[in-house]
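As a plain string of letters, each chain reads:
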Amino acid sequence: TTPPAGEGPSADTQRRRWSDHFEDVEDHWADESDVPSKVRRQRKRRENFAFVHQGVLFLSINMVKGKEPGYERRLDDNAAWIDEWMGEYFDLRGEGDGDGNG
């Protein structure tokens with residue numbers, strides 16, 4: 001169940017949970033599959049990653065709640081990452097025109 005607004009885990013707890021599970025996602029499967037070799041990270045924001053596995057695009061962005069310093073820049077970087085991968089994904093599937101307009 002989702003807690004009511006304002007009653008969830010603290011921002012520090014949320015960051016720690018994200019870091020524990022996703023910061024080095026490549027390491028979680030290092031001995032089990034080829035996923036680690038497929039993971040690509042955004043140069044500007046290492047916390048953003050993407051990969052295509054068995055024809056499915058997995059795209060992760062770190063979007064924080066609120067207006068902390070740098071919030072607008074984070075939005076711009078995240079949008080650029082999504083645009084880049086949507087274009088890449090549709091190109092890989094032969095369904096796009098190279099700019100994400102599948």
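Attention here is on the structure that accompanies the text. (Residues numbered from 1 in each chain as written. Predicted model: local features only at pLDDT ≥ 70, side-chain atom pairs only at ≥ 80, totals over all residues. Heavy atoms only, no water.)

## Concerning the sheet that holds strand β2 (residues 49-53)
If you walk across this open sheet you meet the 3 strands as β1-β2-β3, and the pairing is antiparallel. Lying at the two open borders of the sheet, with one neighbouring strand each, are β1 (40-41) and β3 (56-60). Across 2 bridges, the pairing between β1 and β2 is antiparallel. Bridge pairing in β2 places R40 opposite A50. (Pairing = 2+ DSSP bridges. Helix = DSSP H or I, 4+ residues; strand = E, 2+ residues; numbered from the N terminus.)

## Quick notes on the layout of surface pockets
A water-sized probe rolled over the atoms picks out the places where empty space is left. Looking at the largest pocket, its volume works out to about 360 Å³. Contributing to the lining of the largest pocket are 16 residues, with A11, Q14, R15, V64 and K65 lying nearest its centre. When the residues that make up the lining of the largest pocket are grouped by side-chain class, the tally is 5 nonpolar, 6 polar and 5 charged. (1 Å grid on protein atoms, 1.4 Å probe; cavity = no way out; pocket = protein on both sides within 12 Å on 5 of 7 lines; lining within 4 Å. Points joined across faces, edges and corners; volume = space filled by probe spheres on them. Nonpolar A, V, L, I, M, F, W, Y, C, P; charged D, E, K, R; others polar.)

## Thoughts on the nonpolar core
Core analysis: the biggest nonpolar cluster contains 6 residues, these being A50, L57, W81, W85, Y89 and F90. For this core, the element with the most residues is helix α4 (residues 71-92), which contributes 4 residues. Beyond its immediate chain neighbours, meaning those up to four positions away, L57 contacts F51, V52, W85, M86 and Y89. Membership of the second largest hydrophobic core comes to 5 residues, among which are V25, V35, V39 and F49. (Core = buried A, V, L, I, M, F, W, Y, C linked by side-chain atoms within 4.5 Å. Buried < 20%, exposed > 50% of the residue type's maximum accessible area, 1.4 Å probe, protein only. Contact = heavy atoms within 4.5 Å.)

## Some words on the pairing of β3
As judged from the 5 bridges shared by β2 and β3, these two strands associate in the antiparallel manner. Bridge pairing links F49 to S60 in β3. In this antiparallel pair of consecutive strands, β2 and β3, the connection spans 2 residues, and Q54 shows a positive phi of 50°.

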